[in-house]
Amino acid sequence: MSSASAGPTNAGLAGRVALVTGAGRNVGAGIAHALAAAGAHVAVNDLHGERAEATAQEIIARGGTAIAIAADVCDAEQVRAACDATIRELGPIDILVNNAGVPDAGVPLQAFRDMPIEDWDRYLRLNLHAVLLCAKAVLDPMCDRGFGRIITITSEAGRLGVPPGLSLYAAGKAGAAGFSRVLAHEVGKFGVTVNCVSLGPMENATMREQVLKAMPTRRYGTPADVGAAVAYLASPGASWVTGQTLAVNGGHFTT
Ligand SMILES: NC(=O)c1ccc[n+]([C@@H]2O[C@H](COP(=O)([O-])OP(=O)(O)OC[C@H]3O[C@@H](n4cnc5c(N)ncnc54)[C@H](O)[C@@H]3O)[C@@H](O)[C@H]2O)c1
């Protein structure tokens, strides 16, 4: 009788270095905490330095290792500088989590027919272009070292096309998912996996009561729910999972 050899496990990210974008609050903070709890050393990025600092301090207070990095991930120079600071202070980046994203680009939701062309880039810069910038910045060293995890937070709005008023947000998120699938093909042979986690409505979303009633789990998602999914995809046990989009949605959208 042959015995199964010990394969990869989900057991921990000890010593791994993670950069999480937009991690100063909510979902990104939950991801940073989950990775730190699994043993990763976390670079907490946010556009707002004080938010990044707050998350990093919380991680440190819980016995983890973290640094805060204020940077705009839409800006190539600032992305480069954020990666350089991470490498200098924590070591080579093993895990990139593209979390920073926004559904409304600071303006009220608009139907596509009403949306001026000049507004399009406000949605696409953060939800798509920043994902490409961050991936570009970390990929070569990951491939050279033979290990990497790139995980992008997308949305059920982009995967399934709901709800109305989010067409450009959906375009950005779906673009990031398509990009990730092709990138997974390109870099799998170097030990780098590329996946997405597609979120349903989180607890800070404003949804109608009937949406909650239609949710099989009868509750909105939490940053901890997302953090657990990301920690899995970052783990050694997920080394054969790539090019995928994991829906973390409370079972609401089952298409
Ligand atoms: N909240 C939801 O219901 C929901 C649903 C589906 C998907 N998502 C996705 O989850 C991710 C996190 O959502 P959230 O609700 O926690 O967002 P949030 O707005 O609460 O937090 C995002 C953080 O990103 C930071 N940020 C914004 N622009 C940045 C930039 N250019 N560079 C660096 N940091 C920047 C912000 O300062 C903020 O702290 C996003 O990608 C979002 O699209 C959220």
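Since we're looking at a predicted model, the values are computed, not measured.

Visitor: Quick rundown of the site of the ligand? Include the residues and the values.
Guide: Around the ligand sit 28 residues in total, of which Asn26, Asp46, Asn99, Tyr169 and Lys173 are the nearest. Separating an oxygen atom of the ligand from a side-chain N or O atom of Asp46 is a distance of 2.6 Å. At a separation of 2.8 Å, a nitrogen atom of the ligand approaches a polar side-chain atom of Asp72. Across the complex, the protein chains shield 88% of the 830 Å² of accessible surface that the ligand would expose by itself. Of the pockets mapped on this structure, the ligand occupies the largest pocket. Elements that contribute at least two residues to the shell around the ligand include exactly helix 1 (26–37), strand 2 (41–46), strand 5 (148–155) and helix 6 (167–187). Looking at the shell around the ligand, the element that brings in the most residues is strand 5, giving three residues. In terms of residue class, the shell around the ligand is built from 13 nonpolar, ten polar and five charged.

Visitor: Give a detailed account of the packing of helix 4 (residues 117–145) against helix 6, specifying residues and quantitative values.
Guide: Direction vectors running N to C along helix 4 and helix 6 enclose 15°, while the axes themselves pass 8 Å from each other. By the criterion of interaxial angle, the relationship of helix 4 to helix 6 is roughly parallel. Crossing geometry of helix 4 relative to helix 6 is assigned as right-handed. In contact with Trp120, Tyr123, Leu124, Asn127, Leu128, Val131, Leu132, Ala135, Leu139 and Cys143 of helix 4, helix 6 contributes Leu168, Tyr169, Ala171, Gly172, Lys173, Gly175, Ala176, Phe179, Leu183 and Val187. A breakdown of the residues in the contact of helix 4 with helix 6 according to their chemical character gives 16 nonpolar, three polar and one charged.

Visitor: Just give me the short version of the side chain of Asn98, but keep the residues and values in it.
Guide: Relative to the elements of secondary structure, Asn98 occurs in strand 4 (residues 95–98). With a relative accessible area of 3%, Asn98 lands in the buried category. Filtering out sequence-adjacent residues up to four positions away, Asn98 remains in contact with Thr21, Ala130, Val131, Cys134, Ile150, Ile151, Thr152 and Ile153.

Cut-offs used in this document
- Within any chain, residue numbers begin from 1 and follow the written order of that chain's sequence.
- Two thresholds apply to this predicted model, a pLDDT of at least 70 for residue-level local features and 80 or more for giving and counting side-chain atom pairs, whereas whole-chain, interface and lining totals are computed over all residues.
- Computation of side-chain values covers all heavy atoms of the structure but excludes hydrogens and water.
- One heavy atom within 4 Å of a molecule or strand is enough for the residue carrying it to be called near that molecule or strand.
- We call two N or O atoms a polar contact when they sit within 3.5 Å, provided that within protein one can donate a hydrogen and the other can accept it, with sequence-adjacent residues counted only if both atoms are side-chain atoms.
- Computed with the Shrake-Rupley method and a 1.4 Å probe, the accessible areas treat only the protein chains shown as cover for residues.
- Here a cavity denotes grid points, spaced 1 Å and computed from the protein atoms alone, that fit a 1.4 Å probe unable to get out, and a pocket denotes an open set having protein on both sides within 12 Å along at least 5 of 7 lines; residues with an atom within 4 Å of a point are the lining.
- Think of it this way: a molecule belongs to a cavity or pocket when more than half its atoms come within 2 Å of the grid points there.
- Secondary structure follows DSSP: runs of H or I at least 4 residues long count as helices, runs of E at least 2 residues long count as strands, and numbering of each begins at the N terminus.
- For this classification, the nonpolar set comprises Ala, Val, Leu, Ile, Met, Phe, Trp, Tyr, Cys and Pro, the charged set comprises Asp, Glu, Lys and Arg, and every other residue, Gly included, is treated as polar.
- Whenever a helix is involved, its axis is fitted only over the stretch in contact; in every case the axis is a line through C-alpha atoms, and angles between N-to-C directions fall within 0 to 180 degrees.
- Put simply, angles under 35 degrees are roughly parallel, angles over 145 are roughly antiparallel, angles from 65 to 115 are roughly perpendicular, and the rest are oblique.
- Handedness of a crossing is defined here by the sense of rotation of the near helix relative to the far one, left-handed for an anticlockwise turn of less than a right angle and right-handed for a clockwise turn.
- Residue contacts follow a heavy-atom distance rule, with two residues in contact if any of their heavy atoms lie within 4.5 Å.
- A 1.4 Å probe rolled over the protein chains alone gives each residue an accessible area, and that area as a share of the maximum for its type sets the label: buried under 20%, exposed over 50%, partly exposed in between.

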